[in-house]
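Given next are the chains, with one letter for each unit.
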Amino acid sequence: MPELPEVEVVRRGLDAHVVGRTITDVAVLHPRPVRRHLAGPLDFAGRLAGARVDAAVRRGKYLWLQLDTGDALSAHLGMSGQMLVQRPGAPDERHLRVRLDLDDGAQLRFVDQRMFGGLLVAPLVPTPDGLPAGAAAGGPSDPLLPPEVAHVARDPLDPHLDLERLVERLRARRTGVKRALLDQTLVSGVGNIYADEALWRSRLHFARPTDGLTRPVVRRLLADVAAVMEEALAQGGTSFDRLYVNVNGASGYFDRSLAAYGQEGEPCPRCGAPVTREAFMNRSSYRCPRCQPVPRRARW
């Protein structure tokens, strides 16, 4: 699943190529990707045609286009969703699901092989942590979010994240530290990859109890989360296959820099011990058994 860096790479591409453009026509080529738009494909297309894209916005892993109509076109990439900007006349992709024609002749295409992702048009709603327009990360619509995103917390790269409040909220949880990092209502955008990488940098086992962490340790961990995400952004995100690409169809290459995630059996870059893989929340967690030992008290 794309995490914050991958979604931010896509957002930046949309900001560069789609913002300011007007949607002139919409073709829904398969109904499943618009299944969350309960009024159906015809209503979906009708609410987009003629709308101007004013901003490309992200909160955590969630992405949307702010429209001049007051609506948002929300995009959930799922496991294989792609938002591609194509030149006029470019051949259709094999798994093209929705096509938006733009007034400059280009097309914004939603391509999704596995169809776990989708698009939805919904009105923007105010949120409790809203800031003055233009003041927050991700674009000028940060005080207004699509309804399905309204519960999502700010992310580690948001300059208006209340760090000290997050530190206290995380320490107040009675759970393992990785579970806390993956809780999108606590801090958004962190998934399995970047949680494992940040925990490796902080030398923390994923089951360390959050209520036993000191404030300096939590601050260091959150700084490591932000740092690994910034580094991933600089390299276009993490691509393990061709399913994650930017709007131009290019893959990221941060997978070459991973120290822990997916590195089972490989030597830890810090101490040389073989990285281990363990079951965690119906997925896998990777750690160095020497740098990140099992704590005496653990919350699995």
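The name an unreviewed UniProt entry gives the protein is Formamidopyrimidine-DNA glycosylase, with Pseudokineococcus marinus as the organism. According to UniProt, the comment filed for the protein under the heading Subunit (unreviewed entry) is "Monomer." The Sequence similarities (unreviewed entry) comment attached to the protein in UniProt states, word for word, "Belongs to the FPG family."

Participant: Help me get a handle on the overall build of the protein, residues and values and all.
Facilitator: Scanning the protein for helices and strands turns up 6 helices and 12 strands. In terms of C-alpha radius of gyration, the protein reaches 20 Å, essentially the compact-globule figure of 19 Å for 300 residues. The burial tally for the protein puts 55% of its 300 residues in the buried class. For the protein, the proportion of contacts with a sequence separation of at least 24, taken over those separated by at least 6, is 64%. Surface exposure of the protein reaches about 12,900 Å², of which carbon and sulfur atoms provide 50%. Here the protein contributes 41 positively and 35 negatively charged side chains, and the mean placements of these two sets differ by 8 Å.

Participant: Describe unusual backbone geometry, with residues and values.
Facilitator: Unlike most non-glycine residues, Arg-203 shows phi in positive territory, near 60°. Mapped onto the fold, Arg-203 is located in the loop between α5 (192-202) and α6 (215-234). Classification of Arg-203 by relative accessible area gives partly exposed; the value is 47%. Residues other than glycine seldom take positive phi values, yet Met-281 does so here, at roughly 50°. By the element assignment, Met-281 lies in the loop between β11 (276-280) and β12 (283-287). For Met-281, a relative accessible area of 32% puts it in the partly exposed group.

Participant: So what's going on with the pairing of β11? Residues and values would help.
Facilitator: Put simply, side chains in a regular strand alternate between the two faces of the sheet. In terms of strand pairing, β11 meets β12 through 5 bridges, oriented antiparallel. Looking at the pairing, Thr-276 lines up with Arg-287 of β12.

Participant: Residues and numbers for the nonpolar core, please.
Facilitator: One finds Leu-181, Tyr-194, Leu-199, Leu-213, Leu-221, Val-225 and Met-229 to be the most contacted residues of the largest nonpolar core, which totals 45 residues. Contributions of two or more residues to this core are made by α1 (4-17), α3 (163-172), α4 (177-182), α5 and α6. Per-element accounting of this core gives the leading share, 10 residues, to α6. The contact partners of Leu-213, leaving out residues within four places of it in the chain, are Leu-170, Arg-171, Val-177, Leu-204, Arg-208 and Val-218. By size, the runner-up hydrophobic cluster in this structure holds 30 residues, among which are Ala-45, Leu-73, Leu-100 and Leu-119.

Participant: Explain the sheet that holds strand β2 (residues 53-59) to me, using residue names and the numbers behind them.
Facilitator: Taking strand neighbours across the sheet as the criterion, the 4 strands line up as β2-β3-β4-β8 in an open arrangement whose pairing is antiparallel. Two strands bound the open sheet, and with one partner strand each, they are β2 and β8 (118-123). Averaged over all pairs of adjacent strands, the angle between their axes in this sheet comes to 25°, without regard to strand direction. In the sheet, β2 pairs with strand β3 (residues 62-67) via 6 bridges, with the strands oriented antiparallel. Residue pairing for β3: Ala-55 is matched across the bridge by Gln-66. Against the sheet, α1 touches β2 and β3, its axis set at about 170° to β2.

Participant: Account for the domain arrangement of the protein, with residues named and values stated.
Facilitator: Split by domain assignment, the protein resolves into domain 1 (4-149) and domain 2 (163-287). Of the residues lining the interface, 22 residues belong to domain 1; the matching set on domain 2 comes to 20 residues. Around 1,600 Å² of area is buried between domain 1 and domain 2 when both sides are counted, 66% of it from carbon and sulfur atoms. The largest share of the area that domain 1 buries against domain 2 comes from Pro-5, Glu-6 and Val-9, three residues that together contribute 32% of it.

Reading guide: rules and limits
- Residues numbered from 1 in each chain as written.
- Predicted model: local features only at pLDDT ≥ 70, side-chain atom pairs only at ≥ 80, totals over all residues.
- Heavy atoms only, no water.
- UniProt positions renumbered as here; feature names shortened; annotations may be inferred.
- Helix = DSSP H or I, 4+ residues; strand = E, 2+ residues; numbered from the N terminus.
- Rg over C-alpha atoms; globule rule 2.2 N^0.38 Å.
- Buried < 20%, exposed > 50% of the residue type's maximum accessible area, 1.4 Å probe, protein only.
- Contact = heavy atoms within 4.5 Å.
- Areas by Shrake-Rupley, 256 points an atom, 1.4 Å probe, with all protein chains shown as cover.
- Lys, Arg positive; Asp, Glu negative; His and termini not counted.
- Charge placed at Lys NZ, Arg CZ, Asp CG, Glu CD.
- Pairing = 2+ DSSP bridges.
- Core = buried A, V, L, I, M, F, W, Y, C linked by side-chain atoms within 4.5 Å.
- Axes fitted to C-alpha atoms, helices over the stretch in contact; angles between N-to-C directions.
- Domains from an automatic or database assignment.
- Buried area = accessible area lost by both parts, 1.4 Å probe.

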